[in-house]
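Single-letter residue listing:
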Amino acid sequence: MREQKIALRMVMPYVLIIIAFVVLLLISNIVMSFSTTDGNFTFQNYKAIFTDNVFYKSVFNTCIWVLGSVAGQILLGLAVALLLTQIKRGQVFFRSIILILPWATLDIVAGVMWKWMYNDMYGVLNDILVKIGLAKDYIPWLATPKMAMIAVIVANIWKGFCLSGMFFIAGIQTIPRELYEAAEIDGANAYGRFWNVTIPQLKPVLMTTLMFTIIWTINYFPLIYVMTGGGPNYGTETIVTYIYRLSLRFLEYNKAAALSNILFIIVFTIAYLFTKKMAREVAA
Amino acid sequence: MKKVFLCIVLVSLVLLSFGKTLTIWIGGQVAELDETWNSIIKVFEQKYGIKVEVQLFGFDTYYDKLVTALQAGKGPDLAFADLGGWVPTFAEKGWLEPMEEQIKKWEGTPQIWPNLWPTVTYKGVRYGLPWYTDCRLLLYNKTMFEQAGLDPNNPPKTWDELVAAAQKITDTKNRIYGYGVSGTKTEHTTLGYMMFLYAAGGKLLTDDYSRAAFNTPEGLKALKFYTDLAKRYGVSPNAVQYHEDDYRNMMAQNRVAMSIGGPWSFPLIEAANPNIVGKYSVALHPYDSQPASVLGGWALVIPKTSPNKEDAWKLAEYLTSFDVWMKWVEEKGGPMPTRMDVCTKSKLANDPKWQVIFKTFPYAVARPPIPQYPQISEQIQIMVQKVLLNELTPEEAIKVAAENVNKILGAK
């Protein structure tokens with residue numbers, strides 16, 4: 001009981017800051033989303049969002065962007081984590097090269113770098129493909145909506161797999177060796193050990209990582225902004241790039257506030273479902 | 001009691017010294033010339049006894065920074081605003097102080113190029129003082145003209161000549177192209193289309209800015225020709241990905257021979273490749289039925305929240321005075337002054353490149369100075385991109401764009 005009190009007191013300052021900086025701003029955002037430019041109450045901003053074709057396009061794009069990026073980041077992160085835990089010599093070296101480097105690269109720098117790699121006049125990617133004979137001519141990677149979406153997802157996987165990789169490494173290291181030994185005695189091969197020991201043991205970490213990457217990817221802005229600016233056409237316009245353009249390009253702050261709230265509800269629901277499920281599993 | 005008194009004195013001193021400091025925000029290409037700003041501002045400080053703090057911003061960040069500050073009511077005392085629709089947009093939001101009275105009285109007013117005033121006017125009231133300007137021209141690489149057997153002193157004048165010259169230069173195998181078509185989802189694409197639209201005898205909006213006016217045979221002809229340069233004639237790098245700034249850099253590397261450029265391009269292309277000095281030039285952009293150009297530039301505006309509006313106007317007036325501009329042009333050789341007397345009396349009048357600019361400028365039109373302009377511009381960008389990506393035919397795309405523009409303008 002006493003410990004709980006101490007813990008509560010120690011958490012309090014942080015809670016107050018969160019209330020000040022998040023809840024208050026959220027409330028002002030909600031107020032804004034229900035106001036006209038003159039300050040009167042209106043539903044017009046939400047109505048404008050739901051009758052806007054670009055909104056549906058951006059929701060669809062966000063789904064593709066999240067699905068592709070998260071699947072890629074989790075799978076690549078898991079594969080890299082499994083490999084890296086096998087390496088016993090030079091652990092620090094390999095982990096920092098593979099996991100820290102992409103993650104520590106600034107978002108804008110990563111965006112500009114990928115944009116130049118994809119370039120169809122000077123790009124290194126095209127140069128390599130042509131030299132090894134995989135492509136006949138330079139491919140304009142960012143020039144069509146579908147290709148551009150794939151290109152930004154690939155860049156995002158590179159940028160984000162490290163974080164899930166690090167989570168997985170930490171998770172794998174907590175799995176007791178005895179479980180593997182027992183499985184080996186029972187005659188399980190490497191594949192069986194992975195499916196029957198590693199994955200179930202890693203499940204809590206997997207769920208947390210999944211939640212984090214989904215939310216981060218939904219809200220991730222700089223890479224798309226730098227590489228394609230939401231184009232070509234509306235090919236890579238996600239909800240966040242659309243919010244940015246609504247507020248800072250068109251100065252429609254109230255409509256942008258309405259869309260931000262919609263996004264907030266989506267993100268909040270995802271986080272709520274995940275944490276509820278995780279809490280239930282821990283209790284069980 | 002003494003302590004309280006001391007505190008009050010100190011606080012009021014601080015407030016006073018703050019009150020006497022004038023803040024000016026400078027954005028755009030001229031923001032890179034900071035030592036010139038310092039020397040010009042120093043003279044002002046000595047003359048009027050007002051302290052000025054100069055803050056410079058790069059072009060990419062300036063708009064977001066300024067809009068955020070104005071929205072929060074925390075702007076500077078004097079700020080640069082792009083002539084591409086910023087001034088009326090900000091004025092509609094109530095962020096700017098009208099300058100009509102001062103401009104009417106100021107002796108420099110008759111010297112300002114008259115086609116600049118609409119860009120700073122909102123509902124008949126002027127909210128800004130145009131400071132420097134430019135107009136869009138054909139920027140071309142003389143070396144590449146020579147290599148293709150073309151006369152470098154006789155650039156194309158009509159659309160047909162443009163296609164012929166560009167096709168002669170283009171060598172897709174080695175990724176060398178004749179003309180760069182801007183097709184990105186940025187302002188450059190709207191500007192590019194406007195150059196061709198007005199050259200075909202069309203216009204973007206009706207004269208009262210109440211509805212779209214580009215859905216005409218002229219507008220369609222311009223859209224077809226503009227996109228055909230990339231699609232049918234194949235004389236441009238992949239247009240959806242690049243705009244005129246990229247093409248200028250490619251031109252510095254002898255990869256693209258022609259694109260839209262202007263006075264601001266000179267220092268930038270020379271920075272990209274110092275060896276290109278003397279091997280590039282500008283000309284009136286090729287046209288179909290009439291010469292055309294789009295003007296741009298920057299104006300000085302006073303935010304409504306500034307506590308030093310009178311001093312801010314003094315600074316605006318000083319910066320736009322004949323003497324300051326003459327000094328600026330003698331030292332920097334550009335950009336183009338908004339004052340006609342400086343254009344004719346300074347050394348610029350003897351430079352052949354600048355003569356082209358001064359000759360073209362009276363043809364130059366402004367982008368519609370209305371708050372809805374950014375959204376209209378986006379519709380034009382989408383229209384061009386949809387045609388370039390083969391998602392719509394030019395006829396369909398122009399119809400959709402005109403409908404959307406009319407909806408944005410609230411026209412039936």
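As for the nonpolar core
The biggest cluster of nonpolar side chains holds 82 residues, and the ones touching the most others in it are Y62, F80, F90, W131, L315 and L319 of chain B. In terms of nonpolar packing, the next biggest core, distinct from the first, is built from 63 residues, L197, F214, I370 and L388 of chain B among them.

Here we look at the pattern of salt bridges
Residue and element names in this part refer to chain B. Per the stated rule, a full pass over the model turns up 21 salt bridges over all chains. Put simply, K221 and D288 hold a salt bridge, and the shortest N to O gap is 2.8 Å. Remark: D288 occurs in the loop between β10 (280–283) and β11 (293–301) and K221 occurs in helix α9 (residues 217–231); sequence separation between them is 67 residues. Across the salt bridge formed by E403 and K399, the nearest N and O atoms sit 3.8 Å from each other. Taken together, the residues E403 and K399, both in helix α17 (residues 394–409) and four residues apart, mark about one turn of the helix. Taking relative accessible area as the criterion, K399 reaches 55% and is therefore assigned exposed.

Here's the deal with the domain arrangement of chain B
Residue and element names in this part refer to chain B. Each assigned domain of chain B is listed here: domain 1 (16–134 + 296–359) and domain 2 (137–294 + 369–409). Centre-to-centre, using C-alpha coordinates, domain 1 lies 29 Å away from domain 2. Counting residues at the interface gives 15 residues for domain 1 and 14 residues for domain 2. For the domain 1 and domain 2 pair, buried surface summed over both sides reaches about 1200 Å², with 74% attributable to carbon and sulfur atoms. Its largest share of buried area at the contact with domain 2, domain 1 owes to D134, K353 and V356, together 38% of the area lost on that side.

Remarks on the packing of helix α2 (residues 34–48) of chain B against helix α13 (residues 322–332) of chain B
Residues and elements named next belong to chain B. Relative orientation of the contacting elements α2 and α13 amounts to 150 degrees, with a least axis distance of 11 Å. Relative to α13, the element α2 lies roughly antiparallel. The handedness of the crossing between α2 and α13 comes out as right-handed. Of the residues in α13, those touching α2 at E35, T36, W37, S39 and I40 are V324, K327, W328, E331 and K332. Along the lines of polarity and charge, the residues of the contact of α2 with α13 split into four nonpolar, two polar and four charged.

Cut-offs applied
- Residues numbered from 1 in each chain as written.
- Chains lettered and ligands numbered in written order.
- Predicted model: local features only at pLDDT ≥ 70, side-chain atom pairs only at ≥ 80, totals over all residues.
- Heavy atoms only, no water.
- Core = buried A, V, L, I, M, F, W, Y, C linked by side-chain atoms within 4.5 Å.
- Buried < 20%, exposed > 50% of the residue type's maximum accessible area, 1.4 Å probe, protein only.
- Salt bridge = Lys/Arg side-chain N within 4 Å of Asp/Glu carboxyl O.
- Helix = DSSP H or I, 4+ residues; strand = E, 2+ residues; numbered from the N terminus.
- Domains from an automatic or database assignment.
- Contact = heavy atoms within 4.5 Å.
- Buried area = accessible area lost by both parts, 1.4 Å probe.
- Axes fitted to C-alpha atoms, helices over the stretch in contact; angles between N-to-C directions.
- Parallel < 35°, antiparallel > 145°, perpendicular 65-115°, else oblique.
- Left-handed = near helix turned anticlockwise from the far one by under 90°.
- Nonpolar A, V, L, I, M, F, W, Y, C, P; charged D, E, K, R; others polar.

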